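Here's the letter readout for the chains.
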Amino acid sequence: MEIPLVVADEKILKSKHYVCAKMPDHLLAIESSCDDTGAAVFTNGQLASNVVFSQLVHELYGGVVPEVASRRHLEAILPVVKKALQEASVDKSDLTAIACTRGPGLMGSLMVGYTFAKSLAKALGLPLISVDHMKAHILAHFIEEPKPAFPFLCLTVSGGHTQLVIVRGFDHFELVGSTLDDAAGEAFDKTGKLLGLPYPAGPHVDREAQQGSPIFSFSTANIPGHDFSFSGFKTSVLYFLREQIAKNENFVAENLANLCASIQDNIVQTLVDKCLVALQQYSISTLAVAGGVSANSGLRKALQEEASQLGFELYIPKISYCTDNAAMIGMAGYIDWKNGKFSSFDLAPDPRLRSMY
Ligand code: KG4
Ligand code: ZN
């Protein structure tokens, strides 16, 4: 039987409602919390492009210089957004929503992305969705398959944070542990700096560690419960190096790979031990890892070994979704948008944002 074609009334075809129901939705996401300028596009909830400009200039100063970071964001934001739109084959007039990191992060850096997002949303008459950077790191696990099932324990390890969070739903987070001082990424960066490695030292320590063995031991903080502490470890590396260099000024150059392997081993062991205790205590059988340090090959390997021995499920996203990126901001923003959670245009960036718990 031939199915008759239904020709829609021209009025309905032109109405906004009809267009919204039939047209794809395109969400633009922007990230600028620290030293990476990112933009991504989600089309109908699927990632269509993900562009990141990483500010290498901070290597010259051995750490992120906030004033320099915000100036670089200013230069990069427009080309990065244009590239993300181009790669997704989306024109700015096709956009249906804009999501942006509101915090936590550096005020000057956040200000650039957030002001840009607000202005664009206002100019195009689009809803604005404010995103918590830490929540976005966790929701990066939902950008691509396979996705963890709730509840899961998430270890978020970045340059500024080290947290253990029980994730019971897209909007149900329980913080069970966090660092009392330095973050795990900071521990990599600061001890790597003592070895003369460029900023950020984490990836350099990782690369060197692959050629060495963990033959040196440093002190590890014995913090009860699920909290972390890395400042004593950092001091112990400093004192050890001072002592060795006083005896042999070439000590670091002659032992770089073994020193890196020992530093990495110490940090990884602390992270793995804390995860295993929390999994057991909360009877959770799924572990997810997020944040820049989850790119660490030693951490990935150690957790994979534990997962296959103990039988828990392990989720670690692609490296490009682990370090700062706008795809994760888009994922978190998309979920909020579909749940009708929009932001007022009166909101300002919040460097200490803590919206999850
Ligand atoms: O999540 P992220 O990109 O930015 C923050 O929100 O902080 O994390 C950056 C941190 C830096 O401390 C960097 O050294 C560390 O992640 N990192 C690594 C590796 N890749 C990035 N640490 C150890 N091994 C790596 N392969
Ligand atoms: Zn981050």
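Residues numbered from 1 in each chain as written. Chains lettered and ligands numbered in written order. Predicted model: local features only at pLDDT ≥ 70, side-chain atom pairs only at ≥ 80, totals over all residues. Heavy atoms only, no water.

Asker: Would you take a moment to explain the domain arrangement of the chain for this structure?
Answerer: How big an interface is tends to be reported as the loss of accessible area on association of its parts. Structurally, the chain comprises domain 1 (10–141 + 324–338) and domain 2 (147–316). On a C-alpha basis, the centres of domain 1 and domain 2 stand 29 Å from each other. Each partner contributes to the interface: domain 1 provides 15 residues, whereas domain 2 provides 21 residues. Between domain 1 and domain 2 lies a buried interface of about 1400 Å² when both sides are counted; carbon and sulfur atoms form 72% of it. Considering only the side of domain 1, the residues that lose the most area to domain 2 are M134, I138 and H141, jointly responsible for 46% of the buried surface there. Counting across the interface, domain 1 meets domain 2 through one salt bridge. (Domains from an automatic or database assignment. Contact = heavy atoms within 4.5 Å. Buried area = accessible area lost by both parts, 1.4 Å probe. Salt bridge = Lys/Arg side-chain N within 4 Å of Asp/Glu carboxyl O.)

Asker: Any chance you could explain the site of ligand 1 here in plain terms?
Answerer: The environment of ligand 1 is made up of 20 residues, and the closest members are G159, D189, D206, N296 and D324. At 2.9 Å, a side-chain N or O of D206 approaches a nitrogen atom of ligand 1. About the coverage of ligand 1: the protein hides 88% of its 550 Å² of free accessible area. Those elements that provide at least two residues to the shell around ligand 1 are α5 (133–139), α6 (184–194) and α7 (202–209). Looking at the shell around ligand 1 residue by residue, the class counts come to six nonpolar, eleven polar and three charged. Counting contributing residues, the shell around ligand 1 receives three or more from each of domain 1 (10–141 + 324–338) and domain 2 (147–316). (Near = heavy atom within 4 Å. Polar contact = N/O pair within 3.5 Å; in protein donor to acceptor, adjacent residues only side chain to side chain. Areas by Shrake-Rupley, 256 points an atom, 1.4 Å probe, with all protein chains shown as cover. Helix = DSSP H or I, 4+ residues; strand = E, 2+ residues; numbered from the N terminus. Nonpolar A, V, L, I, M, F, W, Y, C, P; charged D, E, K, R; others polar.)

Asker: So what exactly am I meant to see when it comes to the coordination of the zinc ion (ligand 2) here?
Answerer: Around a metal, the ideal angle is 109.5 degrees if four donors adopt a tetrahedral arrangement and 90 or 180 degrees if six donors adopt an octahedral arrangement. Of the protein atoms, only H133 (NE2), H137 (NE2) and D324 (OD) coordinate the zinc ion (ligand 2), at distances of 2.1 to 2.2 Å. Its four donor atoms give the zinc ion (ligand 2) angles of 93 to 145 degrees at the centre, a pattern that matches the irregular case. Between consecutive donors of the zinc ion (ligand 2), the numbers of intervening residues give the motif H-x3-H-x186-D. Placement of the pair is H137 in helix α5 and D324 in the loop between α11 (319–322) and α12 (326–338), with a sequence separation of 187 residues. On the accessibility criterion, D324 (17% relative accessible area) is buried. (Donors = N, O, S within 2.8 Å, 3.2 Å for Na, K, Ca; no water. Tetrahedral: all angles 85-135°; square planar, octahedral: opposite > 155°, others 65-115°. Buried < 20%, exposed > 50% of the residue type's maximum accessible area, 1.4 Å probe, protein only.)

Asker: Sorry if this is basic, but what is going on with the sheet that holds strand β10 (residues 313–315) here?
Answerer: Note: strands within a sheet are paired through backbone hydrogen bonds, in either parallel or antiparallel orientation. Spatially, five strands are ordered β8-β7-β6-β9-β10 in an open sheet, and the strand pairing comes out mixed. For this open sheet the edge positions go to β8 (172–178) and β10, each flanked by a neighbour on one side alone. If you compare each strand with its neighbour and ignore which way they point, the axes differ by 25 degrees on average. Relative to β8, strand β7 (residues 162–169) runs antiparallel, the two sharing six bridges. What sits directly across from I166, in β8, is E174. In the packing of helix α9 (residues 251–281) onto the sheet, contacts are made with β6 (152–157), β7 and β9 (286–290), and the angle to β6 comes to roughly 160 degrees. (Pairing = 2+ DSSP bridges. Axes fitted to C-alpha atoms, helices over the stretch in contact; angles between N-to-C directions.)

Asker: Sorry if this is basic, but what is going on with the pairing of strand β3 (residues 46–54) here?
Answerer: Every other side chain in a regular strand lies on the same face of the sheet, so the side chains alternate between the two faces. Both strand β2 (residues 36–43) and β3 contribute to a ladder of eight bridges, which runs antiparallel. Note on β3: the bridge partner recorded for T43 is Q46. Here β2 hands over to β3 after two residues, with N44 in that stretch at a positive phi of 50 degrees.

Asker: Looking at this structure, I do not really get the sheet that holds β2. What am I missing?
Answerer: Pairing is mixed in the open sheet, where five strands are placed in the order β3-β2-β1-β4-β5. Two strands in the sheet have a free side with no partner beyond their single neighbour: β3 and β5 (128–132). Across the sheet, the mean angle from the axis of one strand to that of its neighbour is 20 degrees, orientation sign disregarded. Contacts between helix α4 (residues 107–124) and the sheet are confined to β1 (26–31), β4 (97–103) and β5, with β4 contributing the most and set at about 155 degrees to the helix. Across the face of the sheet, α12 comes into contact with β1, β2, β3, β4 and β5 while running at roughly 130 degrees to β1.

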